[in-house]
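Here are the chains, one letter per residue:
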Amino acid sequence: MASTSEAARAGAILTIDLAAIAANWRTLRDRAGPAACAAVVKADAYGLGAARVAPALAVAGCRSFVVATLDEAIALRGVLPEGTEVICLGGLPADSEGEFQRHAVTPVLNHLGEVERWRVFARWRGTPYPAVIHIDTGMNRLGLGPDELDRLATEPDRLDGLTVRLWMSHLACAEADSPMNAAQLAAFRAALARLPAAPASLANSSGLFLGSDYRFDLARPGCALYGVNPTPGRPNPMSGVIRLDARVLQVRNVDSPMTVGYGATHRVAGSGKVATVAVGYADGYARTLSGRGHVHVGGAAAPVVGRISMDLITVDISHLPDGAVVPNAFVELIGPSRPVDTVAEEGGTIGYEILTALGRRYHRVYTGGAAEGL
């Protein structure tokens with residue numbers, strides 16, 4: 001655990017509320033019912049630390065966890081209790097069958113070559129190993145395409161020796177009012193009608209809000225667990241889970257015709273004040289927020305001015321009273337006054353990217369969690 005002195009010297013502090021993440025999962029579980037509800041914890045739980053997030057979700061009742069890579073799955077196995085399921089989306093890398101079996105990880109098989117390799121391995125071991133089989137219903141990214149689906153439907157013995165844990169597909173436009181949602185739902189249902197009976201999974205975070213037809217047997221929410229709004233354009237049904245505060249290093253008086261930052265992109269108009277803050281793109285505070293982002297300080301928003309550099313940002317505090325911002329004070333970059341979706345919109349990106357880009361230089365503080373009786 002980091003010492004108090006580490007917190008005192010930190011340039012920025014990232015606070016992660018495990019209780020809020022667990023509460024978000026419960027909200028999604030209740031919406032998914034009677035389907036089960038997994039938790040997507042890939043990309044180190046969207047940048048928030050899978051080793052801390054996943055156990056808190058297990059205490060909350062989650063029994064199925066989804067990751068992207070085998071390495072993520074193996075690391076997760078080391079922190080999860082017995083009886084939990086780990087599903088790996090990234091297919092079956094070459095010569096990895098033994099690792100999947102050894103660590104009790106269920107692979108998502110994305111093409112018939114992977115189906116065959118997993119079947120041969122299971123028959124060699126004399127055990128019907130579980131598999132999730134991905135059916136592409138229109139994203140054209142991963143999963144069995146129409147030709148492979150036809151072959152599997154007409155040659156079901158390709159599954160001999162396997163236990164199909166799930167048939168799954170992935171929605172391309174779940175967060176939008178798009179006709180593609182209904183088209184993919186219809187394609188998925190048509191595929192299921194041709195295949196051996198097994199549980200099915202389609203809904204991601206936003207898919208859970210499209211209606212009960214999309215829920216099937218297992219929902220796979222990810223971003224919504226971490227406070228990203230799964231219903232853009234409507235009030236966010238999820239609780240915020242992080243707060244990012246950064247330290248003010250210096251406050252200086254400025255006046256025209258001075259400029260601020262690399263490239264002299266911000267030209268000062270009249271007398272004012274600028275605060276230099278200890279965070280930059282090396283910390284995941286996106287360079288695209290240059291001249292567009294804001295921080296919250298002294299009860300007000302203050303604009304980011306000049307280019308964001310590797311370690312620093314500069315903020316115009318001219319409109320704040322003298323003494324409202326001083327060196328060693330903290331400003332809020334993400335949190336109750338600056339939700340992650342707001343920051344993402346200002347940076348021209350999405351909340352997923354803001355979260356997964358969070359750097360390793362922050363002093364991290366976890367609140368809530370199993371120790372507080374989730």
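Computed from a prediction, not measured in an experiment: that's the story for all the values here.

So, how was this worked out
Residues numbered from 1 in each chain as written. Predicted model: local features only at pLDDT ≥ 70, side-chain atom pairs only at ≥ 80, totals over all residues. Heavy atoms only, no water. Pairing = 2+ DSSP bridges. Helix = DSSP H or I, 4+ residues; strand = E, 2+ residues; numbered from the N terminus. Phe/Tyr/Trp six-rings, centres within 6.5 Å; stacked < 30°, edge-to-face > 60°. Buried < 20%, exposed > 50% of the residue type's maximum accessible area, 1.4 Å probe, protein only. Salt bridge = Lys/Arg side-chain N within 4 Å of Asp/Glu carboxyl O. Expected span 1.5 Å × (residues − 1). Arc of directions from axis to C-beta. Contact = heavy atoms within 4.5 Å. Core = buried A, V, L, I, M, F, W, Y, C linked by side-chain atoms within 4.5 Å. Right-handed = clockwise from strand over helix to strand, strands pointing away.

**Q** Quick question: what am I supposed to make of the sheet that holds strand 3 (residues 39-40) here?
**A** The pairing of strands in a sheet happens through backbone hydrogen bonds and is either parallel or antiparallel. Reading across the sheet, the seven strands line up as 3-4-5-6-7-8-9 and stay open at both edges, with parallel pairing between neighbours. Whereas interior strands pair on both sides, the edge strands pair on one side only; in this sheet they are strand 3 and strand 9 (200-201). With four bridges connecting them, strand 4 (residues 64-67) and strand 5 (residues 85-88) associate as parallel partners. Note that in strand 5 the partner of Val66 across the bridge is Ile87.

**Q** What should I look at first to understand the packing of aromatic side chains in this one?
**A** What describes a pair of aromatic rings is the distance from one ring centre to the other and the angle between the planes of the rings. Here the structure, examined in full by the defined rule, presents eight aromatic pairs. Taking the centre distance of 5.7 Å and the plane angle of 15 degrees together, the rings of Trp118 and Phe121 count as stacked. Of the two residues, Trp118 and Phe121 are both situated in helix 7 (residues 112-125); the distance of three residues between them amounts to about one turn of the helix. In terms of burial, Trp118 and Phe121 fall into one category: buried. Between the aromatic rings of Phe121 and Tyr129, the centroid separation amounts to 5.6 Å while the plane-to-plane angle is 25 degrees, which identifies the pairing as stacked. The burial state of Phe121 is the same as that of Tyr129; both residues are buried. Each member of the aromatic cluster is reached from another via a ring pair, and the members are Phe100, Trp118, Phe121, Trp124 and Tyr129.

**Q** Help me understand the pattern of salt bridges, please; the structure alone is not making it clear to me.
**A** Applying the stated criterion across every chain, the model contains 15 salt bridges. One salt bridge connects Asp150 with Arg194, and the closest N-O pair in it is separated by 2.8 Å. Taken together, the residues Asp150 in helix 8 (residues 146-154) and Arg194 in helix 9 (residues 179-194) connect sequence positions 44 residues apart. On the basis of relative accessible area, Asp150 is assigned to the partly exposed category, the value being 34%. The residue Asp213 makes a salt bridge to Arg189 at a minimum N-O spacing of 3.6 Å. Placement of Asp213 in the loop between strand 9 and strand 10 (218-219) and of Arg189 in helix 9 is noted, with a sequence separation of 24 residues between them. Taking relative accessible area as the criterion, Asp213 reaches 42% and is therefore assigned partly exposed.

**Q** Can you help me understand helix 9 in this one?
**A** Three or four residues apart is the spacing at which side chains of an α-helix point the same way, because the helix has 3.6 residues per turn. The end-to-end C-alpha separation of helix 9 is 23 Å, in line with the 22 Å expected for 16 residues at 1.5 Å each. Within the sequence span of helix 9, burial applies to Asn181, Gln184, Leu185, Phe188 and Ala191. Down the axis of helix 9, the buried side of the element spans an arc of 130 degrees, and every buried residue falls inside it. Looking at helix 9, the residues exposed on the side facing more than 90 degrees away from the buried face are Pro179 and Ala193. Contacts made by the buried residues of helix 9 are with helix 8, strand 8 (162-168) and strand 9.

**Q** Please clarify how the nonpolar core should be interpreted in this entry.
**A** Buried together is how nonpolar side chains tend to be arranged in soluble globular proteins. The biggest cluster of nonpolar side chains holds 111 residues, and the ones touching the most others in it are Leu48, Phe65 and Tyr226. Residues within four places of Leu48 in sequence aside, it is in contact with Ile16, Ile21, Val53, Tyr226, Val241, Ile242, Leu355, Leu358, Arg364 and Tyr366. Membership of the second largest hydrophobic core comes to five residues, among which are Val254, Val260, Val268 and Val305.

**Q** Hey, could you run me through the pairing of strand 8 in this one?
**A** Looking along a regular strand, one sees the side chains alternate between the two faces of the sheet. Most of strand 8 sits inside the fold, with five of its seven residues counted as buried. In this structure, strand 7 (residues 129-134) lies alongside strand 8, joined through six bridges in parallel fashion. If you follow Pro130 over to strand 8, its bridge partner there is Thr163. What joins strand 7 to strand 8 is helix 8, and the crossover it makes is right-handed. Here strand 8 pairs with strand 9 via two bridges, running parallel. Its bridge partner being in strand 9, Met168 is matched across the sheet by Ser201. Tracing the backbone out of strand 8, into helix 9 and back to the parallel element strand 9 gives a crossover that is right-handed.

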